Amino acid sequence: MRVFNFCAGPAMLPTEVMAQAQAELLDWQGQGVSVMEMSHRSPEFIALAKGADADLRELLTIPDDYHVLFMHGGGRGQFAAVAMNLLGDNGKALYLRSGSWSKAAAEEARRFGEVDEIEVIEERDGTKALNMPSFSAEQGDYRYLHYCPNETVDGIEISEVPDSPWPIVADMSSCILSRPIDVSKYGLIYAGAQKNIGPSGLSLVIVKRDLLELPSLPMPSIMDYRITAENESMFNTPPTYALYIAASVFAWLKKQGGVAAMGERNQRKADELYDYINQSDFYKNPVASNLRSRMNVTFQLADESLNSEFLSQAKARGLLALKGHRSVGGMRASIYNAMPHQGVLALVAFMDEFAKAQQA
Ligand SMILES: *Cc1c(COP(=O)(O)O)cnc(C)c1O
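Because the structure is predicted, anything quoted here is derived from the model rather than measured.

Summing up its helical and strand segments, the protein chain has 9 helices and 16 strands in all. Taking 360 residues into account, the globule formula puts the C-alpha radius of gyration at 21 Å, and the protein chain, at 21 Å, falls close to it. When the backbone C-alpha atoms are referred to their principal axes, the protein chain occupies close to 65 × 60 × 30 Å. The buried share among the 360 residues of the protein chain stands at 54%. The contacts in the protein chain between residues at least 6 apart in sequence include a share of 67% that link residues at least 24 apart.

With respect to topology, 7 strands assemble into an open sheet ordered β2-β12-β11-β10-β7-β3-β4, the strand pairing being mixed. At either end of the open sheet lies a strand with only one pairing partner, and these are β2 (66-72) and β4 (114-119). Between one strand and the next, the sheet's axes are offset by a mean angle of 20°, whatever the strand orientation. Here helix α2 (residues 43-60) sits on the sheet in contact with β2 and β12 (202-208), set at roughly 125° to β2.

Here we take up the nonpolar core. Counting residues in each nonpolar core, the largest one holds 64 residues, and the members touching the most others are L60, I176, L177, I197, I206 and F250. The greatest single-element share of this core, amounting to 10 residues, is contributed by helix α6 (residues 240-255). Residues in contact with F250, not counting those within four places in the same chain, are A52, D55, L56, L59, F70, L177 and I197.

Moving on, we get to the sheet that holds strand β16 (residues 331-334). Ordered by their spatial adjacency, 3 strands build an open sheet running β13-β14-β16, and the pairing between neighbours is antiparallel. Two strands close off the open sheet at either side, each with one partner strand: β13 (283-284) and β16. Note: strand β14 (residues 296-301) against β16, 4 bridges, orientation antiparallel. Within the sheet, the bridge partner assigned to F299 lies in β16 and is M331. Docked against the sheet, helix α7 (residues 258-278) engages β13, β14 and β16, running at close to 20° with respect to β14.

This brings us to the environment of D163. Position of D163 relative to the elements: it lies in the loop between β9 (156-157) and β10 (168-171). Spatially, the C-alpha atoms of D163 and K185 are 9.4 Å apart, while their sequence positions differ by 22 residues.

To continue, consider the pattern of salt bridges. Under the counting rule described, the total for this entry stands at 15 salt bridges. The residue E58 makes a salt bridge to K254 at a minimum N-O spacing of 3.3 Å. Taken together, the residues E58 in helix α2 and K254 in helix α6 connect sequence positions 196 residues apart. Overall, K254 belongs to the partly exposed group, its relative accessible area being 32%. Between D224 and R226 there is a salt bridge; the shortest N-O distance is 3.8 Å.

With omega at -10°, the peptide bond leading from G9 into P10 counts as cis. Relative to the helices and strands, P10 is located in the loop between β1 (4-5) and α1 (15-23). A positive phi angle is found at L177, which is not glycine, with a value near 70°. Within the element layout of this structure, L177 appears in the loop between β10 and β11 (188-192). Residue classification places L177 among the buried residues on the basis of a relative accessible area of 1%.

Another point: the site of the ligand. Surveying the vicinity of the ligand reveals 13 residues, the closest of which are R76, T152, D171, Q194 and K195. A distance of 3.0 Å is found between an oxygen atom of the ligand and a backbone nitrogen or oxygen belonging to G75. Coverage of the ligand by the protein chains reaches 86% of its 390 Å² of free accessible surface. The element best represented in the shell around the ligand is helix α3 (residues 74-86), accounting for 4 residues. Looking at side-chain class alone, the shell around the ligand contains 3 nonpolar, 7 polar and 3 charged residues.

The next subject is the state of the cysteines. Defined simply, a disulfide is a covalent bond joining two cysteines at their sulfur atoms. Going through the model one piece at a time under the given rule, you end up with 0 disulfides. For C148, which is in no disulfide, the shortest distance to another cysteine sulfur is to C175 and amounts to 6.9 Å.

With that settled, consider the domain arrangement of the protein chain. Partitioning the protein chain into structural domains gives domain 1 (31-255) and domain 2 (258-359). Taking only C-alpha atoms into account, the centre of domain 1 sits 27 Å from that of domain 2. With 29 residues of domain 1 at the interface, the matching set in domain 2 holds 25 residues. Of the roughly 2100 Å² buried at the junction of domain 1 and domain 2 (both faces included), carbon and sulfur atoms supply 56%. For the domain 1 face of the interface with domain 2, the top three residues by lost area are V153, G155 and E157, together amounting to 25%. The shortest N-O distance in the salt bridge between R294 and E157 comes to 2.5 Å. Across the contact surface, domain 1 and domain 2 share 13 residue pairs in polar contact (both at pLDDT 80 or more).

What follows covers the UniProt feature "binding site: pyridoxal 5'-phosphate" (unreviewed entry) in the protein chain. UniProt marks G75, R76, W101, T152, D171, Q194, N236 and T237 with the feature "binding site: pyridoxal 5'-phosphate" (unreviewed entry), using the numbering shown here. In sequence the annotated residues extend across 163 residues, and in space they extend as well, their farthest C-alpha pair lying 30.5 Å apart. By relative accessible area, G75 is classed as buried at 14%. Every residue in contact with G75, bar those within four places of it in the chain, is listed here: S173, Y190 and G192.

Calculation notes
- Residues numbered from 1 in each chain as written.
- Predicted model: local features only at pLDDT ≥ 70, side-chain atom pairs only at ≥ 80, totals over all residues.
- Heavy atoms only, no water.
- Helix = DSSP H or I, 4+ residues; strand = E, 2+ residues; numbered from the N terminus.
- Rg over C-alpha atoms; globule rule 2.2 N^0.38 Å.
- Buried < 20%, exposed > 50% of the residue type's maximum accessible area, 1.4 Å probe, protein only.
- Contact = heavy atoms within 4.5 Å.
- Pairing = 2+ DSSP bridges.
- Axes fitted to C-alpha atoms, helices over the stretch in contact; angles between N-to-C directions.
- Core = buried A, V, L, I, M, F, W, Y, C linked by side-chain atoms within 4.5 Å.
- Salt bridge = Lys/Arg side-chain N within 4 Å of Asp/Glu carboxyl O.
- Near = heavy atom within 4 Å.
- Polar contact = N/O pair within 3.5 Å; in protein donor to acceptor, adjacent residues only side chain to side chain.
- Areas by Shrake-Rupley, 256 points an atom, 1.4 Å probe, with all protein chains shown as cover.
- Nonpolar A, V, L, I, M, F, W, Y, C, P; charged D, E, K, R; others polar.
- Disulfide = S-S within 2.5 Å.
- Domains from an automatic or database assignment.
- Buried area = accessible area lost by both parts, 1.4 Å probe.
- UniProt positions renumbered as here; feature names shortened; annotations may be inferred.

Okay, here's the thing in C-alpha cells:
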C-alpha cells in the first residue's frame, strides 16, 4: 500500500512514475533488458538523455547560453564543485547564511578558498525574519554570491532573488521545479535530485557558459563543469537509472501543466497547512509568514511531550516521516511536487483530530 510520505528526502516520487518504472523494469522499450543494464552510449540511452535535457530546458525556460549538466554526488557534491569550478586561484565568494544547508555549503567552500558569510535571518520577538542587506560591488571582489532559496531543515524560503552585483549561485535542491523561476537571473543553479527530481546521488547543474571562462583549481575530472559540458554529461558513466527516473519525472511535470501549474498547486497545499497552523493554539510555527517554505512546512506542538505520540498515531494513519530534522526538532511536513493535495488534507484532518483529542 502507498502511504502519504512526508519525508524531506529521499522524498516520494509521483506514483505514475514509479508504476511505469515497475512495468518497464525487466524490459525497456522492447529490448529485453532493463534501462539500468544498457550502455549509456547506446542510441536509445542517448535519446533518453537528450529528451531529459530538452524537457528540462522547456520546463524551466533555460536560455541557450546555459549548460545543463547531470552529475554525481548530490547536493553536497555541488557544495565542493561550485567552489572548485568558480573560485579559481585566490578567488573569494560571499555566502548568505539562512539555515543549515547554506551554512554547510559555506563550510565546504572554505576548504577551497576564501569565503565571507552574512547572516540574513534574524529573530524578532521569537519569530524568524529576513534581514537581507543591499549589496554593492565596492563590498568586495567576489566571484559569486551563494544562497539557498529553500532551507529544507529550517522551513525557510527566500522567495526574492537577492539583488547582487556578482553572479548568483543558488542551491535549489529542495525547490527546483516547484514553481517558475527566471533562470537568467542566476549564474548557476544546482540541486541534488532526491527532493523534486528523482533518486539520490544524481545532481543537476544549470550554469551560464561565460562563468566557466576563468581558470579553475585543479580538481577531479568528474567534478569539472567544463569537462562535463564538453562530454554532454557522459565523461564517465552517468547514474543511468537515476537519470531515467528524472526523465520520467520531467515528462510527468509537462503532463501536469509544467512548473506554473505546479506552483499554483504547491501554493494551495502550503496555504492549507499554514492556515490551519495559524488558527491553532495547539501547533505553532516560528517563521515569519513571508518567509515560510512552500516545500517544507515545519511546525511544533505547543506541548512537545506529545511528539512521539503524535508521530506514532500519524504513522498508523498512513502519514509517514513527519519528524523534524534532528538539529531543530519538532515536526516537518515536506510537500514537494509529488505530494497530492489529498495528502495535505489528510494531514490537516489528523492534526485537528489529534489536537481535539488532547484538549478534550
Ligand atoms: C538535501 C539537501 C542538500 C544535500 O543533498 P545531498 O544529496 O544529501 O548531498 C543540500 N542542500 C539542500 C538545500 C538540501 O535540501
